[in-house]
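Structural overview for review
For reference, the chains in residue letters:
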Amino acid sequence: AVVRSSVTRQYEVQEALVNYVESIISHPGVSGVRLRTPGETGMPCRCGCRHIGGLPASPCSDDGQTEAFQFLGQLQTATAERLVAATGGFYPEGSQDMEAMTWNRIRSGYDVMVWLEHGFLPNVWGTVAGRVIRRAGLVLNRNLVVGGVRARQRRANLGSCNLLEALEDWYTIQCRQPELSTADFGPLTSVNLSVVDEMPLGAKHAYSAGKSGFFDALFDVERPLRDALETATYLRRNHWLTSATTSLELEALMLNGEGASFAILSITFEWLYDGGVTRRVRSHVFRAVPGEQLVMDYLPEIIWLGLILILLQQELWEVVKATMRRELRTYFSSFWNLVDWISIAVGVAITVSSLWIQEITSTLARSISQLPRAPLAANLDGMAYQQSWSQHIDDAHFIVTMRGWFQLALFWYSSIITARMLKASLGQAKLAMIQITLADGFWDVMHLMLIFLVVFNNFAVGGKILFGPELEDWSTYPQCCASAVLLMMGAAKFDQLYEVAPISATIWYWLFILIMMFLMLNLLTVIIVEHFCQTRNTCGETAGLVKDLKLSWKDFCFRMEWRRDQFREGEYKAFFMGNPYEGLVEGLLQNAKASEEMERAAAKNCLGLKLNRKKIEDLSVEAPSADKNPGFGIVKNLELRKIACDAATAQFLLDGCEDFVASEKSTAHLGVLNQVRSFVQLLQQSKEELNSHCGQMEDGIVEDQEELERILTRLEDSVQMAFDGFQELAASGIDTLAPPALGQGGEMKAALQDLRSTAGGPGGPGVSDQPLPIQP
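Residues numbered from 1 in each chain as written. Predicted model: local features only at pLDDT ≥ 70, side-chain atom pairs only at ≥ 80, totals over all residues. Heavy atoms only, no water.

**Describing the overall build of the chain**
From N to C terminus, the chain includes 25 helices and eleven strands. Taken across its 776 residues, the chain has 33% of its residues classed as buried. For the chain, long-range pairs separated by at least 24 residues make up 67% of all intrachain contacts whose partners lie at least 6 apart in sequence. Working note: accessible area of the chain is about 49,300 Å², and carbon and sulfur atoms make up 60% of it. (Helix = DSSP H or I, 4+ residues; strand = E, 2+ residues; numbered from the N terminus. Buried < 20%, exposed > 50% of the residue type's maximum accessible area, 1.4 Å probe, protein only. Contact = heavy atoms within 4.5 Å. Areas by Shrake-Rupley, 256 points an atom, 1.4 Å probe, with all protein chains shown as cover.)

Encoded structure:
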């Protein structure tokens, strides 16, 4: 693209033409046309006088008695012309002849006309002092002028100034109005109709705007130089450039055969309100249609158009699939799909524009080839011929304008291609992470830029007010903004500002440094870094380009093996058009019961699923499990085979997933939520252990309780049996089984029995059942 755009060639031609114009020296000795006749020009004279001794021998005598006087005087016409002829057409040194007019000395309209008449036109015609040194119209030995040179003047209406009435009466000078003038002026305002007949051919439209609205003077390069100089002299002597002139543009269309290109030379003079003249030289170069065109000349365009057609086919297929799924609105709501269609539309428009520009360039070339060459026929319609090549200049300007729009379209198309590259980079983890950072921080940056632009505009306008009246870099709003940007980038010219207003410049400068550089730019950096850190912490470890290239190569090798297997098995359709992973992603999302939000995230970029998974994990303190969310379950080989792929593909994917999972586990994510989640897991483990210990303790206590209950039951039964035995013994008259004490045989027992019998027996009336106390 750099080579075919001919940018380097255009710059070289433009630089050469600019240097050529700026090096032109204007002088009557170059053109051979004198501003004044030798008899009208003051010549350097010398007169010698003696106050004694008579007349000196000659005016140049230096004998001590002769006093010489030097002055300018007019000689007789014949003598003056003979003197000028003796010096090769140049006036003697010291005569009242004009100094050489150079490009940088042009200060007025008269200087412009002198430079045109005695410098530019003779150089273009290849003539110096009446001698032809090169072919007429051949500039720099390579650029041939087509038709001639056009001088186009723009004029304004003269009227009152925007002043107080009394001040305007005192000023007494008319001012130029904003609207352009189309009224006739100069000789055409004369009532003498013979004046028009006496005009040179090139000046016929110089004093009348006609249909174009401009005042054009035309110089035919195919005619002798004397005709062009006659026109230029007539314009100068009849005051073609007046106080109403706003600009003058000298234009010439040139053909460079070696470069196979056309060039428009444009020399512009503008008269500003300050009374000065601004000068500017520009050239526009565009390629001519080559004589012999081969297919290889259009090979890049053919490849480019083929890629556009491939992209169009892919997008149409996507539209068909979206229509079948009834998701057409979702398809066109995607930003990247719109970028694809815009790239297709702009690409087709650029192709059509390129062909159209080539066609109108070919038409211009054919029309130029039909122009007559010198010597021109006597019966040639001179005005029609001039209008013809003047129209060629306008056509060339139109082509340059269209090429400017075409180049602008190429620039925007390159921006669209860059956007498509960004879309492709969404498939790489680290690049996608950076884009997500920019997207997340977009609105924060926009709001900051709103404040930034307001403050920056304040400083720029302040700088224009403070320094604009005296410094060119701050004189206009675009220039003051550019100067402020340079200052913000470190290219400060504080010494110039300080010379204008020391105190104000110091205050303005340091406020600008503190607010714009130290505050605003650092705040912009903080916003971007903060969003990047958040995205980085959320995404975790991501693979780089080198790792992705290795994985891509491994995947490419696997695909080749898979296609080879398909070919061996006779599956030729799968070999040419098949995809080993076709339908796998959709099947996995379906088995995972993924939501629509997760599906959109998966289609958006390669980190969409990962970020959505992190979002689901962050919504709960506890880590999600396969019981609650199927998407967090482990996929086996058999499940992959049931979804969409064969055994080899499933094993290949699982091997790659094992490496990925191992990489994920090897990098500990130390976020606050994960730390809380780890703490919760520790609490859960402690709870389970505590429940286990408490369960064991409860089981032990229950066993001990049961054993105790069994012991107490046995004790109770034993006591009951003892009581029953006691009762039986009591009933049988045995109070105790213990042996009687010494001296206590049966006497006491007999006494007790008697007492009971007397009282009516046990339980009888008047006898208590309570045991009697035993006296010691």
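**Notes on the packing of aromatic side chains**
Per the counting criterion, the structure on display carries 30 aromatic pairs. Aromatic pair Tyr207 and Tyr234: ring centres 6.4 Å apart, planes at 85°, arrangement edge-to-face. Here Tyr234 lies in helix H7 (residues 225–237) and Tyr207 lies in the loop between helix H6 (194–198) and strand E8 (215–220), a separation of 27 residues in the sequence. Tyr234 matches Tyr207 in its accessibility class, with the two residues each being buried. (Phe/Tyr/Trp six-rings, centres within 6.5 Å; stacked < 30°, edge-to-face > 60°.)

**Section: the confidence of the model for the chain**
Per-residue confidence for the chain averages 82 on the pLDDT scale, and 84% of its residues sit at or above 70. The model gives residues 761–776 a pLDDT under 50, and that stretch makes five contacts with residues more than four places away or in other chains. (pLDDT = per-residue confidence, 0-100.)

**Overview of the packing of helix H10 (residues 335–369) against helix H11 (residues 382–425)**
At a closest axis distance of 9 Å, the pairing of H10 and H11 adopts a crossing angle of 160°. If you check the angle between H10 and H11, you find them roughly antiparallel. Crossing of H10 over H11 shows left-handed handedness. Looking at the contact of H10 with H11, its residues break down into 21 nonpolar, eight polar and five charged. (Axes fitted to C-alpha atoms, helices over the stretch in contact; angles between N-to-C directions. Parallel < 35°, antiparallel > 145°, perpendicular 65-115°, else oblique. Left-handed = near helix turned anticlockwise from the far one by under 90°. Nonpolar A, V, L, I, M, F, W, Y, C, P; charged D, E, K, R; others polar.)

**A look at the pattern of salt bridges**
Should their charged atoms come close, side chains of opposite charge can pair. If you walk through the whole model with that rule in mind, you get 17 salt bridges. Note that Glu222 is salt-bridged to Arg373, the shortest N-O span being 2.9 Å. Residue Glu222 is located in the loop between E8 and H7, and its partner Arg373 is located in the loop between H10 and H11; the two are separated by 151 residues in the primary sequence. Among the residues examined, Arg373 registers a relative accessible area of 40% and is labelled partly exposed. Note that Lys423 and Asp340 form a salt bridge whose closest N and O atoms lie 2.6 Å from each other. Taken together, the residues Lys423 in helix H11 and Asp340 in helix H10 connect sequence positions 83 residues apart. Given a relative accessible area of 29%, Lys423 falls into the partly exposed group. (Salt bridge = Lys/Arg side-chain N within 4 Å of Asp/Glu carboxyl O.)

**Here we look at the state of the cysteines**
Here the structure, examined in full by the defined rule, presents one disulfide. For Cys161, the disulfide goes to Cys175, at an S-S distance of 1.6 Å. Here the S-S torsion is close to 85°, and the disulfide linking Cys161 with Cys175 is therefore right-handed. Pair noted here: Cys161 is in the loop between strand E6 (143–159) and helix H5 (165–171) and Cys175 is in strand E7 (residues 175–180), with a separation of 14 residues, a long-range link. Using a relative accessible area of 22% as the deciding quantity, one classes Cys175 as partly exposed. (Disulfide = S-S within 2.5 Å.)

**Remarks on the nonpolar core**
By size, the foremost hydrophobic cluster in this structure holds 52 residues, and its most contacted members are Trp115, Phe120, Phe219, Trp240, Ile267 and Phe269. Secondary-structure elements contributing two or more residues to this core are helix H1 (7–22), helix H4 (109–124), E6, E8, H7, strand E9 (245–256), strand E10 (261–271) and strand E11 (277–287). When residues in this core are grouped by element, the largest group, seven residues, is from H4. Dropping the residues within four chain positions of it, Phe120 is found in contact with Ile24, Trp115, Val149, Leu250, Leu265 and Ile267. (Core = buried A, V, L, I, M, F, W, Y, C linked by side-chain atoms within 4.5 Å.)

**Things to note about a nonpolar patch on the surface**
A surface patch of nonpolar side chains, about 650 Å² in accessible area, is lined by Leu708, Ile711, Leu712, Leu715, Val719, Phe723 and Phe726. By relative accessible area, Leu715 is classed as partly exposed at 49%. (Patch = residues over 30% accessible without salt bridge, like charges linked within 9 Å, V, L, I, M, F, W, Y side chains within 5 Å.)

**Details of a negative patch on the surface**
On the surface, Glu698, Asp699, Glu703, Asp704, Glu706 and Glu709 cluster together to form a negatively charged patch. Following the sequence through the fold, Asp699 ends up in helix H24 (residues 672–731). (Lys, Arg positive; Asp, Glu negative; His and termini not counted. Charge placed at Lys NZ, Arg CZ, Asp CG, Glu CD.)

**Comments concerning unusual backbone geometry**
Glycine aside, a negative phi is what most residues show, and trans is what most peptide bonds show. Going from Ala374 to Pro375, the amide bond is cis rather than trans, its omega being -5°. Residues other than glycine seldom take positive phi values, yet Asn141 does so here, at roughly 60°. Turning to its location among the elements, Asn141 is positioned in the loop between strand E5 (138–139) and E6. Asn141 gets classed as partly exposed once you look at its relative accessible area, which sits at 49%. With a phi angle near 55°, His239 is a residue other than glycine that sits in the positive phi range. Relative to the assigned elements, His239 resides in the loop between H7 and E9. With relative accessibility at 57%, the residue His239 sits in the exposed group.

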